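One-letter residues, chain by chain:
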Amino acid sequence: MEISKSSVDNGAEERERLVSTLPMRQGFWKPYVLYQGYWMSPQVAKSVMLLQDQFKPRADDIILATCPKSGTIWLKALAFTLVNRSCHAVAGDGHPLLTTTPHDLVPFIEKPDREIHPVTELEALASPRLLATHMPFAQLPQSISDLGCRVVYICREPKDVLVSLWHYVNTVSDHFIELEKAFELFSQGGSFFGPVWDHSLGYWKQSIAEPHRVMFLKYEELMADPAKHVKNLAEFLGVPFTVDEVELGAVEQVVDLCSFHKLKNLPVNSSGKSDLAGWMPMDNSSYFRTGTVGDWANHLTQEMAHKLDSIVQDKLKGSGLTF
Ligand code: A3P
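Calculation notes
Residues numbered from 1 in each chain as written. Predicted model: local features only at pLDDT ≥ 70, side-chain atom pairs only at ≥ 80, totals over all residues. Heavy atoms only, no water. Near = heavy atom within 4 Å. Polar contact = N/O pair within 3.5 Å; in protein donor to acceptor, adjacent residues only side chain to side chain. Areas by Shrake-Rupley, 256 points an atom, 1.4 Å probe, with all protein chains shown as cover. Helix = DSSP H or I, 4+ residues; strand = E, 2+ residues; numbered from the N terminus. Nonpolar A, V, L, I, M, F, W, Y, C, P; charged D, E, K, R; others polar. Buried < 20%, exposed > 50% of the residue type's maximum accessible area, 1.4 Å probe, protein only. Arc of directions from axis to C-beta. Core = buried A, V, L, I, M, F, W, Y, C linked by side-chain atoms within 4.5 Å. Contact = heavy atoms within 4.5 Å. Phe/Tyr/Trp six-rings, centres within 6.5 Å; stacked < 30°, edge-to-face > 60°. Lys NZ or Arg CZ within 6 Å of the ring centre and 35° of its normal. Axes fitted to C-alpha atoms, helices over the stretch in contact; angles between N-to-C directions. Parallel < 35°, antiparallel > 145°, perpendicular 65-115°, else oblique.

Let's talk about the site of the ligand
The local shell around the ligand holds 19 residues, among which Lys69, Thr72, Ser164, Tyr219 and Thr290 are the closest. Contacts to the ligand include lysine 69, whose side-chain N or O atom sits 2.7 Å from an oxygen atom. Residue isoleucine 73 places a main-chain N or O atom 2.9 Å away from an oxygen atom belonging to the ligand. Considered on its own, the ligand offers 570 Å² of accessible surface; in the complex 97% of this is hidden by protein. Looking at the shell around the ligand, the elements with two or more residues in it are α3 (72-83), α10 (219-224) and α14 (260-265). Residues belonging to the shell around the ligand are distributed by class as follows: 9 nonpolar, 7 polar and 3 charged.

Structure representation (structure tokens):
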């Protein structure tokens, strides 16, 4: 039985009850429930319900949205650096990214344990807020659209998402999942916030309907020409590069500071921990693996690749979105 947003109650007990009524299946790590068409852990489903009910967006909020393992940390680093470059010199020794992981600079709104870390934590943040989410477009509180909050989404080639997710789960959890099993779950749409194709499609359609409010990026395109997309992102975020900045190489400085190799090798990201979930500190290094396009070819068989390609093509048919 699917639950509608309007039926979600304020109380923890009611959320607990609603979650217990949701369809459940094996997840990559822990079991997942199906909430409003997407698979997630029961804890995250409760957090999404709570957010849908209690989150108070502000018109100048910027929401960074991703399906897990699609470049979340990269987008957080880029957006943070762009919008704060008047107070934090990109090439300066004291830039926050040098000592703080992007996940700690740009919080997730649906932190899994929002009952311990209440939404008021977000209300304490100064405007304009940069916030992140893994929620699909259809699950975002309607007030985000009504207020006209800008949303930036980054998607990634699903085969690379699968391989990245598979490595991640086997790195951070004490549970080992075979690649064949991960492939099966992923292809059935049963990955974290999957189906991944529906997740991307929701934001894709909205970016076509509202191009000035919803920006749609692809990991592969950002990797191929970061300067071009970083310039576009700066414009979208309302902080365009000046002619002088461009001439002085500011775009390249942002690209370099947020590059995979630069971030991965910083002590904060190679040895620190952060507690994204609010209940389990994880090694920051687990968010930086290869940072490449096409690593799937080193792990998936041709048969797996063809099968997933044809599922994704079928699901995206006619939308204009391709990988
Ligand atoms: P791989 O596992 O393929 O290396 P997310 O941030 O959504 O969890 O995504 C994690 C993926 O993004 C990982 O992919 C990680 O290595 C990669 N990544 C992390 N930082 C990056 C950066 N600055 N540039 C490009 N990719 C990055």
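That covers the picture; the talk isn't over yet.
Topic: the pairing of strand β4 (residues 62-66)
Counting buried positions over the 5 residues of β4 gives 5, a clear majority of the element. Judged by which residues are buried, β4 turns out to be covered on both faces: Ile62, Leu64 and Thr66 on one side and Ile63 and Ala65 on the other are all buried.

Some remarks on helix α11 (residues 226-236)
Considered for burial, the residues of α11 that qualify are His229, Val230, Leu233, Ala234 and Phe236. Axial view of α11: buried residues confined to an arc of 160°, hence all on one face. The positive-phi residue at the C-terminal boundary of α11 is glycine 238, with phi of around 85°.

Overview of the nonpolar core
Counting 105 residues, the largest nonpolar core has Phe28, Leu64 and Val152 as its most contacted members. Setting aside anything within four residues of it in sequence, one finds phenylalanine 28 in contact with Leu162, Leu165, Trp166, Val169, His175, Ile177, Ala182, Leu185, Phe186, Gly190 and Ser191.

Some details on the packing of aromatic side chains
Taken as a whole and judged by the stated rule, the model has 9 aromatic pairs. With a centroid separation of 6.3 Å and 45° between ring planes, the pair formed by phenylalanine 260 and phenylalanine 288 is classed as tilted. A residue pair is termed long-range when its members are at least 10 positions apart, and phenylalanine 260 in helix α14 and phenylalanine 288 in the loop between β9 (282-283) and α16 (302-316) qualify at 28 residues. Take phenylalanine 288: its relative accessible area is 6%, and that puts it in the buried class. An aromatic cluster is present here, built from Phe137, Tyr153, Tyr203, Trp204 and Phe216 joined pairwise through their rings. One cation-aromatic arrangement involves lysine 30 over tryptophan 29; the distance from NZ or CZ to the ring centre is 5.2 Å.

Comments concerning the packing of helix α7 (residues 158-172) against α16
The contact between α7 and α16 brings their axes to 10 Å, and the two run at 120°. In terms of axis orientation, α7 runs oblique to α16. Contacts between α7 and α16 involve Pro158, Lys159 and Leu162 on the former and, on the latter, Ala305, Leu308, Asp309 and Val312. Partitioning the contact of α7 with α16 into residue classes produces 5 nonpolar, no polar and 2 charged.

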